[in-house]
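One-letter residues, chain by chain:
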Amino acid sequence: MTQHQNSQTMKPATAAKKLGVYLDATPADFQEGVVSRAKLNELQADPPAWLQELRQNGPHPRPVVAAKLGISISGLARGGVTDALTTEQIEALKDEAPEWLVKERATQSEVRKENVRIKERNAQRAADQTSRDQKD
């Protein structure tokens, strides 16, 4: 017996997350329906005007805001930013460079440096182990 495979669908919130947009800013028909995998792929390949506008001008969800500011999502929360921001608001924050943002950027920079250091250390350990294994 052959079974027909149903098209994989997802909730609008999941689709919005995958598209990198703020769900509340999407059109009502997007928010109220379900999104198939095919529809998501279509939106990614050929974004409609509303999606292009949201990606360019926002409002942007917190992960996008954090990335545009060069900080972590936790850093946003520590800075008191809990709402979605537009590109204009993000640029204004960058221009203002409040103390919390400068501190969070420095923290994020240190985290990145530490991650690189750990990755290099682990690669060196793996290389050392490989050379030891070859000698045995």
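Structure: above.
Residues numbered from 1 in each chain as written. Predicted model: local features only at pLDDT ≥ 70, side-chain atom pairs only at ≥ 80, totals over all residues. Heavy atoms only, no water.

Participant: Give me the lowdown on the environment of lysine 103, citing residues and values where you can.
Facilitator: Note that lysine 103 resides in helix α8 (residues 99-135). Taking the C-alpha atoms as reference points, lysine 103 and isoleucine 71, 32 residues apart in sequence, are found 9.5 Å from one another. (Helix = DSSP H or I, 4+ residues; strand = E, 2+ residues; numbered from the N terminus.)

Participant: Outline the packing of helix α5 (residues 62-69) against helix α7 (residues 87-96), listing residues and values.
Facilitator: Interhelical geometry of α5 versus α7 gives an angle of 35 degrees and a closest axis separation of 10 Å. For α5 against α7, the interelement crossing comes out right-handed. Every residue of α7 that contacts α5 at Val65, Lys68 and Leu69 is listed here: Ile90, Leu93 and Lys94. Grouping the constituent residues of the contact of α5 with α7 by class yields 4 nonpolar, no polar and 2 charged. (Axes fitted to C-alpha atoms, helices over the stretch in contact; angles between N-to-C directions. Left-handed = near helix turned anticlockwise from the far one by under 90°. Contact = heavy atoms within 4.5 Å. Nonpolar A, V, L, I, M, F, W, Y, C, P; charged D, E, K, R; others polar.)

Participant: Got a sec to walk through the nonpolar core? Specific residues and values, please.
Facilitator: Met10, Ala15, Ala16, Leu19, Val21, Phe30, Val35, Leu40, Leu43, Leu51 and Leu54 together form the largest nonpolar core, which totals 11 residues. Mapped by element, the contributors of at least two residues to this core are α1 (12-19), α3 (37-45) and α4 (49-57). Leucine 19 has contacts with Phe30, Leu40, Leu43, Gln44, Leu51 and Arg55, leaving out every residue within four places of it along the chain. Residues Val65, Ala66, Ile90 and Leu101 belong to the second largest nonpolar core, which totals 10 residues. (Core = buried A, V, L, I, M, F, W, Y, C linked by side-chain atoms within 4.5 Å. Buried < 20%, exposed > 50% of the residue type's maximum accessible area, 1.4 Å probe, protein only.)

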